[in-house]
Amino acid sequence: MKPNFTQKVTNWGNFPVVEKEMRSEDSFKKIKEFVLNHNEIIARGNGRCYGDASLGESIFSTKKLNKFINFDRLNGVIECESGVLLSDVLEIAVPQGYFLYVTPGTKFISVGGAIASDVHGKNHHAEGCFSEYVIEFKLMTESGEIITCSREENSEKFWATIGGMGLTGIILTAKFKLKNIESAYIRQESIKADNLDEIFKLFDESENWTYTVAWIDCLQKGKNIGRSILMRGEHAFQHELPQKFSKTPLRLKKKLSPTVPFYFPGFVLNALTVKIFNWLYYKKQSKKEVKNFIDYETFFYPLDAINDWNKIYGKSGFIQYQMVIPKEAGKEGMKRILETIAKSGNGSFLAVLKLFGKHNPEAYNSFPVEGYTLALDFKVNSKLKKLVDQLDAIVQEFGGRIYLTKDSMSRSSLTNYLKNIQNPKFVSLQHKRIINNNS
Amino acid sequence: MIVLGSTSEVAQAFVEKALQEGEKFEKIYLFTSNKETTERFARHIDVKFLQQAEVIELDLTKEIDYNRFDNINSNVLFCAVGYLGEGTEEGLYDNRNTERIIDINYSKLVPVMNYFAHKFESRRSGTIIGLSSVAGDRGRQSNFIYGSAKAAFTAYLSGLRNYLFDKKVHVLTIKPGFMATKMTEGLPLNPKLTATPKQAAACIYKAFKKEKNVAYVLPVWSIIMMIIRNIPEFIFKKLKL
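Sequence positions are assigned chain by chain, starting from 1 and proceeding in written order. Throughout, the order in which chains and ligands are written sets their labels, letters from A for the former and numbers from 1 for the latter. Local features are withheld for residues below a pLDDT of 70 in this predicted model, meaning they are given only at 70 or higher, and side-chain atom pairs are given and counted only at 80 or more; totals for whole chains, interfaces and linings count all residues.

Let us now look at unusual backbone geometry. Most peptide bonds take the trans form, and the phi angle of most residues other than glycine is negative. F15(A) connects to P16(A) through a cis peptide bond whose omega is -10°. The numbering of helices and of strands both runs from the N terminus, where a helix is a DSSP run of H or I of at least 4 residues and a strand a run of E of at least 2. Position of P16(A) relative to the elements: it lies in the loop between β1 (6–10) and β2 (17–24). Of note, the phi angle at E211(B) is positive, near 50°, even though the residue is not glycine. Among the residues examined, E211(B) registers 10 C-beta atoms within 10 Å and is labelled exposed. To sort residues by exposure, count the other C-beta atoms lying within 10 Å of each residue's C-beta; 20 or more gives buried, 12 or fewer gives exposed, and values between give partly exposed, all with C-beta atoms placed from the backbone.

Listed under "transmembrane region" (unreviewed entry) in the UniProt record, and renumbered for this structure, are residues 214–231 of chain B. The span residues 214–231 of chain B is 67% helix and 17% strand, and its two end C-alpha atoms sit 21 Å from each other. UniProt positions are given in the numbering used here, feature names are shortened, and annotations may be inferred rather than shown by experiment.

Looking now at the sheet that holds strand β5 (residues 127–131) of chain B. Adjacent strands of a sheet pair through backbone hydrogen bonds, lying either parallel or antiparallel. Residues and elements named next belong to chain B. We treat two strands as partners when DSSP finds at least two bridges between them. With parallel pairing, the seven strands of this open sheet are ordered in space as β3-β2-β1-β4-β5-β6-β9. Of all strands in the sheet, those bounded by a partner on one side alone are β3 (53–57) and β9 (214–216). Strand-to-strand twist across the sheet, computed as the mean angle between neighbouring axes with direction ignored, equals 15°. Summarising the sheet, strand β1 (residues 2–4) and strand β2 (residues 28–32) pair through three bridges and their orientation is parallel. Counted as the bridge partner of V3 is L30 from β2. Residue pairs qualify as contacts under a 7 Å threshold applied to their C-beta atoms, which are placed from the backbone. Here an axis means a line fitted to C-alpha atoms, over the contact stretch when the element is a helix, while the angle between two N-to-C directions is reported on a 0 to 180 degree scale. Helix α2 (residues 35–49) rests against β2 and β3 of the sheet, and its axis sits at about 170° to β3.

Moving on, we get to the environment of V94(A). All names here are of chain A. Considering the arrangement of structural elements, one finds V94 in the loop between α2 (86–93) and β7 (98–100). C-beta crowding within 10 Å serves as the criterion here: with 20 such atoms nearby, V94 is assigned to the buried category. Sequence spacing of V94 and G166 is 72 residues, and the spatial spacing of their C-alpha atoms is 29 Å. Discounting residues that sit within four places of it in the chain, V94 has contacts with F99, A184 and L250.

Shown next, in the form of structure tokens:
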């Protein structure tokens, strides 16, 4: 049998599915050979982006670059290969009293992916993007050369690669800072908001909290539009923890995580079931305000507790739509967006709303700009393209843009914002789609 | 722990699994044909588990100086040495390929295994884990040079288990079935029959703790191989397996 490396590849949204060559190597020498012998290469970590960002004619999977290199336990600096997952980092960091400065809503992404997407989290307004804590990384360029990039060394490549979606080369290793924590728990407050005005006010009032995010019911109409629950949190100090947690504050009990066993049939998710789910979620919290302590897994990664949750959207897959609208135009823009979604009936579970802080001007390829960001899932069906088009038009009107890590069909005027990434060697299907739509 | 074939992803996953489960080893000796990648693994377990490890280059196809291993001792030996070679028709009639498959999987490996088995025997304790293959259960046209070498290795492990039984050393034979590793990358394997290195490591660890004698990684393989072993030869010889 002769090996054939062409295979079906798809990312977390199960859309699109392509048949392309995908290789994985752990020796730098072999990676160099791969780079020299292939064209239109794109690196792929754990495939947790949603659309076609890490798909290409030749895919290099970093899954075998999964080793730690160093952990400075005194200063909280970690160095590892790019295929190491954030979950792996947490596994060794948390018991030592360290946490990731910035984490997205899943811990199952690779470190390389975190840099290429310059991921953000619930603390963007306070602590910025992942890149702020990256000290340096090693990048393999089109010639197969390995260069060290930092703010001082090869700084041009450093900044182009941050948020550069893998279009500048293959990130091989990275070194980044961790933050100190006293416990693995979060002091959380959840506050219900009846409408958009209330939730926007809550975000402004919560400015001084490290973590803020809201779950929003995007099927509400009229005066209920923007019905949501704001969650805000701080890493809990040991002394404030309830006794059952304070004895071993950095150790969490192992939890069983269920697995979605198969792709749900298409009819399971429809406007009615989503409405019922959203209603239950909102009613579950009977009080206006709840204060409690929860472990970091529940606070940051509620969906990671269900393995393969993407299968509930069925075999046709789903997209995640995430855009940002600048703050000044935020309220009006968000209202129009929510109205359009509610009217379409193509609702989504757990749409997430957040207020981003200032854009870091140095990290010019980074997605977050100051304003409101909304992320929601849509099942792929025949009406989806039209809905995305309508939403894109509103985002454009209000001067916003789309998060490339989740994009798979938005118009290129909202996605063609990367700079200094022209490089015929490293090209993703997403990048080709964006460029071709432009001309 | 002594690991032979440390570049193997299954071997590395097993080491991690054992450390995660809290097994303690004074030192882990990583024998390898590829120093660069194995040194990265040694560092990785040092960072992750503060586990001391030593990387030792070992090329089975060359003369081996056993004096180098004088001070090496442990209570667990994990052997993941395996070389698939070319299973094609050209591969079959290429003597270098055939010899290499037999050498690495059996003839040059067994003296090394014996060397360490002898140390275990003198100490009267420990476990030897050997990764053989379902390919050794019955020779099939698609890879029978590899299969026959693994059949010999399976027989060796079985004999060693018998020999060491009253010397208080346990021998575990693992028959992995399909695995998603470097060795099989790009081959069209049915995902339902294919284990990831992590899954394999978890299963091997379980078999190790339970002192199993022979274990298949995925249970379905014991059924498949039972059927394959029991097909009468006059039918089997006509099959394209």
